[in-house]
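Structural characterization, general
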Amino acid sequence: MNDIIKAIEEEQLKQEVPEFSVGDTVRVYGKIKEGNRERVQVFEGVVLKKQGGSNRATFTVRKSSNGIGVEKTWPLHSPNVEKVELVRKGKVRRAKLNYLRDRVGKKAKVKELVK
């Protein structure tokens, strides 16, 4: 029974998974359905966390829109996520950046990783 579930989950995985980590600024191209039309909407922000594994993996992106923090959780292998584009690498030392929720303005920024 377990082999059947694993086979089904492997079919649902995307072939090319984008390479990004927590603290990076990403641009997520998500498909939005409005009535009978479908369009692509861009959501750009900092990755707060990545969690789960296999086809259940999700990541949460936070951005500030008109001074209000907006968070969206995206499934990594969803067909509604067209692509994830890396804008810049962030320098962080934790796996979950929940402390950014309390911060506003320049304090809410993540330092850029320079190599």
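About the cut-offs
Residues numbered from 1 in each chain as written. Predicted model: local features only at pLDDT ≥ 70, side-chain atom pairs only at ≥ 80, totals over all residues. Heavy atoms only, no water. UniProt positions renumbered as here; feature names shortened; annotations may be inferred. Salt bridge = Lys/Arg side-chain N within 4 Å of Asp/Glu carboxyl O. Helix = DSSP H or I, 4+ residues; strand = E, 2+ residues; numbered from the N terminus. Buried < 20%, exposed > 50% of the residue type's maximum accessible area, 1.4 Å probe, protein only. Phe/Tyr/Trp six-rings, centres within 6.5 Å; stacked < 30°, edge-to-face > 60°. Lys NZ or Arg CZ within 6 Å of the ring centre and 35° of its normal.

If you look the protein up in an unreviewed UniProt entry, it shows as Large ribosomal subunit protein bL19 from Eisenbergiella massiliensis. Quoted straight from UniProt, the Sequence similarities (unreviewed entry) entry for the protein says "Belongs to the bacterial ribosomal protein bL19 family." The heading Function (unreviewed entry) in the UniProt record of the protein holds the text "This protein is located at the 30S-50S ribosomal subunit interface and may play a role in the structure and function of the aminoacyl-tRNA binding site."

1. Describing the pattern of salt bridges
Evaluated as defined, the whole model comprises 10 salt bridges. A salt bridge links aspartate 24 to lysine 89, with the shortest nitrogen-to-oxygen separation between them at 3.4 Å. In this pair, aspartate 24 sits in the loop between helix 1 (2-12) and strand 1 (25-34) while lysine 89 sits in the segment after strand 5 (81-88), placing the two residues 65 residues apart along the sequence. A residue is classified by how much of its surface remains accessible, and aspartate 24, at 0% relative accessible area, is buried. Lysine 89 gets classed as partly exposed once you look at its relative accessible area, which sits at 33%. Across the pair arginine 27 and glutamate 85 runs a salt bridge, and its minimum N-O distance is 2.7 Å. Separated by 58 residues along the polypeptide, arginine 27 in strand 1 and glutamate 85 in strand 5 bring together distant segments of the chain.

2. Quick word on the packing of aromatic side chains
In the structure shown here, the tally under the stated rule is 2 aromatic pairs. Measuring from ring centre to ring centre gives 5.0 Å for phenylalanine 20 and phenylalanine 59, while their planes differ by 70°; the resulting arrangement is edge-to-face. In this pair, phenylalanine 20 sits in the loop between helix 1 and strand 1 while phenylalanine 59 sits in strand 3 (residues 58-65), placing the two residues 39 residues apart along the sequence. Each member of the pair phenylalanine 20 and phenylalanine 59 is classed as buried. Lysine 50 extends its terminal NZ or CZ atom over the ring of phenylalanine 20, reaching a point 4.5 Å from the ring centre. Lying over the aromatic face of tyrosine 29, lysine 83 brings its terminal NZ or CZ to 4.8 Å of the ring centre.

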